[in-house]
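Here is how the chains run, residue by residue.
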Amino acid sequence: MLRRSHAYSLSLCVASVALMLGIFLTTQAVTAQDAAADAEPAAAEPAEAADGGGEAAAPAEAPKSVFEWVYTSLSYYFWIFMFISIVFVALLVMNIMNARRENVVPLALVESFEACLEENQVQEAYDMAKEDESFLGKVLSAGLEKVSQGYDKAIEAMQEVGEEENMKLDHRLSYLALIGTLSPMIGLFGTVDGMIKSFSVIARSGGTPDASQLANGISTALFTTLVGLALAIPAIAAYNILRNRVDRLALEVGITGEGLMSRFQNVGK
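Starting afresh in each chain, residues are numbered from 1 along the sequence in its written order. Predicted model: local features are reported for residues with pLDDT of at least 70 only, side-chain atom pairs are reported and counted for 80 or more only, and whole-chain, interface and lining totals are derived from all residues. As a convention, hydrogens and water are excluded, and side-chain values are obtained from all of the structure's heavy atoms.

**Q** What exactly am I supposed to notice about the overall build of the protein here?
**A** Helical segments are the DSSP runs of H or I of at least four residues, strand segments are the runs of E of at least two, and each set is numbered from the N terminus. Scanning the protein for helices and strands turns up nine helices and zero strands. Starting at the N terminus and ending at the C terminus, the protein contains elements arranged as α-α-α-α-α-α-α-α-α. Residue burial is assigned from relative accessible area. The probe radius is 1.4 Å, only protein chains are included, and a residue is buried under 20% of its type maximum, exposed over 50%, and partly exposed in between. Per-residue burial over the protein gives 35% buried out of 269 residues. The long-range share in the protein, meaning contacts at least 24 apart out of those at least 6 apart in sequence, stands at 77%. Every residue pair with non-hydrogen atoms within 4.5 Å of one another is taken to be in contact.

Rendered as structure tokens:
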């Protein structure tokens, strides 16, 4: 079951990457078509004379689309944030799949394991838990391995395996928190970079600086901050929501495992 869920998670990650790349390429194509459509009327119009003379006026530059403006302002930060967003989507899908109840506390395993114990089929129960790759399956198999040494040893083994599996889930979730921390820092770096570019234009102009060059640096500063926060906010929110769910399911694993193993309390006494 868990292997199928991993395969499903991988397919969702690949699909998300393909979707984001498709959106990017489609937007670029639409931008190019809009620019070509805006350039055709300007090229078809006759050149007008300037100030009564016979000289032809220079054609006006076609306005940039919103996406082209954003892409130009972000510069190489665009690809950094694109990579972070793809990793974020992949991690989010993977953690959502890992935090499902059937991958942590499968009800079918609980019912089958309890039925085997009621019929005194301990070996069958152990084989069932050993073959199951869920959180609860690993905990129960670890407990049955040590049950011959006493109930206390079995509970101790279950707790050790439970802490290890819980740590694995926490480590996967921690990458979401890392994205939530790094994204605004990269945005802040872009803000400082953009402001330095704008002030360098003022310092080197020697007079009235070009407004468009000033606007490029300011746009870089603002857009990097905006995109960094846009990635950090959902990443931090997803991390806290999934962290609470994982902690709740881990607690349920402990309670369920000890309840199923309670019938071995007198072993070793």
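Following the structure, the description resumes.
**Q** Please explain the pattern of salt bridges as it appears in this structure.
**A** Should their charged atoms come close, side chains of opposite charge can pair. A pairing counts as a salt bridge when a side-chain nitrogen of Lys or Arg comes within 4 Å of a carboxyl oxygen of Asp or Glu. Tallying each qualifying case throughout the model produces eight salt bridges. Measuring nitrogen to oxygen at the nearest pair gives 3.2 Å for the salt bridge that ties Lys130 to Glu145. Within this pair, whereas Lys130 is found in helix H6 (residues 122-131), its partner Glu145 is found in helix H7 (residues 135-146), the two being separated by 15 residues in sequence. In this structure, Lys168 engages Glu165 in a salt bridge whose closest nitrogen and oxygen atoms are separated by 3.4 Å. In this pair, Lys168 and Glu165 both sit in helix H8 (residues 151-205), three residues apart, roughly one turn of the helix. Through salt bridges with shared partners, a single ionic network connects Lys138, Glu165 and Lys168.

**Q** Looking at this structure, how should I read the side chain of Ser141?
**A** When you line up the elements, Ser141 lands in helix H7. Among residues more than four places away in sequence, those in contact with Ser141 are Tyr126, Ala129 and Lys130.

**Q** Whenever I open this one, the nonpolar core confuses me. Can you help?
**A** In a soluble, globular protein the nonpolar side chains are often hidden away together inside. To define a nonpolar core, start from buried Ala, Val, Leu, Ile, Met, Phe, Trp, Tyr and Cys residues and group those joined through side-chain atoms within 4.5 Å. With 44 residues, the main nonpolar core has Phe113, Leu140, Leu176 and Met261 as its most contacted residues. Here this core takes ten residues from helix H9 (residues 211-260), the largest share from any one element. In this structure, Leu140 is in contact with Phe113, Ala129, Met158, Gly257, Leu260 and Met261, ignoring residues within four places of it in sequence. Core analysis: the second largest hydrophobic core is formed by five residues, Leu74, Phe78, Met82 and Phe223 among them.

**Q** Whenever I open this one, the environment of Thr181 confuses me. Can you help?
**A** Residue placement: Thr181 occurs in helix H8. Overall, the relative accessible area of 48% leaves Thr181 in the partly exposed class. At 2.9 Å, the side chain of Thr181 forms a polar contact with the backbone oxygen of Ala177. The term polar contact refers here to a pair of N or O atoms within 3.5 Å; inside protein, the definition further demands a hydrogen-donor-capable atom paired with an acceptor-capable atom, and it admits residues adjacent in sequence only when both atoms are side-chain atoms.

**Q** Even after reading the chapter, I still don't get the packing of aromatic side chains, so can you show me in this structure?
**A** For any pair of aromatic rings, geometry is given as the distance between the ring centres together with the angle between the planes. Only rings of Phe, Tyr and Trp enter the pairing, Trp through its six-membered ring, and a pair is recorded when the two centres are within 6.5 Å. The plane angle decides the type: under 30 degrees is stacked, over 60 is edge-to-face, the rest tilted. Taken as a whole and assessed by the stated rule, the structure comprises two aromatic pairs. Seen from their ring centres, Phe78 and Trp79 are 5.2 Å apart, and the 90° between their planes marks the pair as edge-to-face. Residue classification places Phe78 among the buried residues on the basis of a relative accessible area of 10%. The class of Trp79 is partly exposed, set by a relative accessible area of 43%.

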